[in-house]
Amino acid sequence: MKSSETQRVPAIDKAAATPGATRWSWKAFAGWIFGAVAVVTVLVTSEKHGPASPDNLDPDGAGKPLPVEPLLSGFDWVNAGQIAALVLFLATIVAVVWGWRRHPGHPVLLMVIASSTLFVLDPYNNWAIGLVYNPRLWHFPRDWPWLNISPIIEPLTSFVYAPYILLPYFVTMPILRAVQRRRAPESFVWRHPLISLAALTFVCGVIWDAAQEILLVRTQFLTYTHVIDFGTLDAGKNSQFPFLMASLLITVVMIPASLLLYRDDSGRSQAEKIARRFNLHTRHPRLATFLVMAVALNIAMFSFSTSFWVVRATGAASTVACPWPYPTAKTWDPHGLYESQGAPGPFTAGAASTWQVGQPDGRPSPVAVESDRCDPDR
């Protein structure tokens, strides 16, 4: 039994395990300089005091009280969340650099970098879902193309994807190995390790996403503005959370991340095995592996976001979060649903609200008021 288990322990590439296998070069130095300049540029140009652009700023909203007090309102969740995101981002960079110096090209390090590329899809993700972040968050300038399709703001915290996507892997992989050590080689977890890992990642991912997102919506760090009633917690309130769509579907991104990192008896990850099928792997094995990971994760994230877009574009996501929680920002109302429910406005349709959601003429006008459900003064 011990010999069988020993054979199944993934081998470690000697080159990858050699400490100090890489040395600093002019390319590495130039890369760090470029990264530092990029970070400083983003911080200097970022908007720090609410939605500064006229298309999203409510000029009469300054000083207005919140229509609904967030959970534990005495605590500044916005700044605490930003600090936590910054710490995670810096810790991720330090961990990757430290790990790369000792294990260059390790699949986990490549996956951390690959998952960070999901930032590119974040504006589309927020727009498709109808996810609005608190405008008090530091955010990118609204006149930056692509980033401006995100409703109201595109927060700087959108950089922090790797810990969110990969935490289920770091939890479930040790669990799978522990279960395998206690089972015979002919058991299900040995015969079907990828299915087992996918199932564990699904359970862990649902719990992980729901726990953090329910906290974020209740503290008004972010708001799911338009949802479908079915499977939504607190439907109609500004703390509404589409549990079935958000927490279950996001695992379509987490599961591929876990499976691509799984190492079989050969010691190679699944991403490496796929990458070896391409000619690029012959000359640039690390780049080929990274591209397999990045393409897989981005396709998965695009599919996740598009499922929300379909629900919203067809009009099924008709339940809006009331009352609008951010007085300093115009109400994001591309379909006129907030106005129809008695929200006082002013309203903004956003940068992508015409043909992108099946409205060639843009936001409906006029909008018939059907109720006063979203009127904060009722």
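Residues numbered from 1 in each chain as written. Predicted model: local features only at pLDDT ≥ 70, side-chain atom pairs only at ≥ 80, totals over all residues. Heavy atoms only, no water.

Asker: Would you mind going over helix α7 (residues 162-181) with me for this structure?
Answerer: The periodicity of an α-helix, 3.6 residues per turn, causes residues three or four positions apart to be oriented the same way. For α7, built from 20 residues, the straight-helix expectation of 28 Å at 1.5 Å per residue is met to within 8% by its first-to-last C-alpha distance of 29 Å. Every buried residue of α7 is accounted for by A162, Y164, I165, L166, P168, Y169, T172, M173, L176, R177 and Q180. (Helix = DSSP H or I, 4+ residues; strand = E, 2+ residues; numbered from the N terminus. Expected span 1.5 Å × (residues − 1). Buried < 20%, exposed > 50% of the residue type's maximum accessible area, 1.4 Å probe, protein only.)

Asker: What should I look at first to understand the environment of L259 in this one?
Answerer: Inspection of the secondary structure puts L259 in helix α11 (residues 251-261). For L259, a relative accessible area of 23% corresponds to the partly exposed category. Distance in space between the C-alpha atoms of L259 and L197 is 7.1 Å, their sequence separation being 62 residues. In this structure, L259 is in contact with L194, L197, A198 and Q270, ignoring residues within four places of it in sequence. (Contact = heavy atoms within 4.5 Å.)

Asker: Help me understand the UniProt feature "transmembrane region" (unreviewed entry) in the protein, please; the structure alone is not making it clear to me.
Answerer: When the UniProt feature table is mapped onto this chain numbering, "transmembrane region" (unreviewed entry) sits at residues 24-44, 80-100, 107-124, 144-167, 188-208, 241-262 and 287-311. Helix and strand shares over residues 144-167 are 25% and 0% respectively, and the end C-alpha atoms of the span are 31 Å apart. End C-alpha to end C-alpha, residues 241-262 measures 32 Å, and it is 82% helix and 9% strand. (UniProt positions renumbered as here; feature names shortened; annotations may be inferred.)

Asker: Whenever I open this one, the state of the cysteines confuses me. Can you help?
Answerer: For the coordinates displayed, the defined rule picks out 1 disulfide. Shown here is the disulfide that connects C322 with C374, its sulfur atoms set 1.5 Å apart. On the sign convention where negative means left-handed, the S-S torsion of about 45° between C322 and C374 marks this disulfide as right-handed. Of this pair, C322 sits in the loop between β6 (319-320) and β7 (331-332) while C374 sits in the segment after β8 (347-348), placing them 52 residues apart in sequence. Residue C374 is classed as buried on the basis of its relative accessible area of 1%. (Disulfide = S-S within 2.5 Å.)

Asker: Before we go on, may I ask you to explain empty space enclosed by the protein in this structure?
Answerer: To locate leftover empty space, one rolls a probe as large as a water molecule over the atoms. One pass over the structure, following the stated rule, counts 1 cavity of 30 Å³ or more. There is about 60 Å³ of room inside the largest cavity. Forming the walls of the largest cavity are A128, I129, H226, V227, I228, P242, M245, F308, V311, R312 and A317. When contributions to the lining of the largest cavity are tallied by element, the ones reaching two or more residues are α6 (122-129), β3 (226-227) and α14 (285-313). Among the elements that take part in the lining of the largest cavity, α14 stands out by supplying 3 residues, more than any other. Its residues assigned to classes, the lining of the largest cavity shows 9 nonpolar, 1 polar and 1 charged. (1 Å grid on protein atoms, 1.4 Å probe; cavity = no way out; pocket = protein on both sides within 12 Å on 5 of 7 lines; lining within 4 Å. Points joined across faces, edges and corners; volume = space filled by probe spheres on them. Nonpolar A, V, L, I, M, F, W, Y, C, P; charged D, E, K, R; others polar.)

Asker: Could you clarify how one ought to interpret the layout of surface pockets in this entry?
Answerer: The computed volume of the second largest pocket comes to approximately 790 Å³. Lining the second largest pocket are 32 residues, and of these V160, Y164, Q212, L216 and F221 lie nearest its centre. Elements that contribute at least two residues to the lining of the second largest pocket include exactly α4 (77-102), α6, β1 (131-133), α7, α9 (193-218), β2 (222-224) and α14. For the lining of the second largest pocket, a count of residues per class yields 22 nonpolar, 7 polar and 3 charged.

Asker: Explain the packing of helix α5 (residues 107-116) against α7 here, please?
Answerer: It is the contact of α5 with α7, at a shortest axis distance of 8 Å, that shows an interaxial angle of 140°. When the axis of α5 is compared with that of α7, the two are oblique. Every pair of crossing elements has a handedness; the one defined by α5 and α7 is right-handed. Here V108, M111, V112, S115 and S116 of α5 come into contact with α7, specifically with A162, I165, L166, Y169 and F170. Each residue belonging to the contact of α5 with α7 can be placed in one class, and the counts come to 8 nonpolar, 2 polar and no charged. (Axes fitted to C-alpha atoms, helices over the stretch in contact; angles between N-to-C directions. Parallel < 35°, antiparallel > 145°, perpendicular 65-115°, else oblique. Left-handed = near helix turned anticlockwise from the far one by under 90°.)

Asker: I would appreciate a short explanation of the environment of L156 in the present structure.
Answerer: Of note, L156 is situated in the loop between β1 and α7. Sequence separation between L156 and A184 is 28 residues; the distance between their C-alpha atoms is 48 Å. When neighbours within four sequence positions are excluded, L156 is seen to be in contact with V42, L43, S46, W138, H139 and F140.

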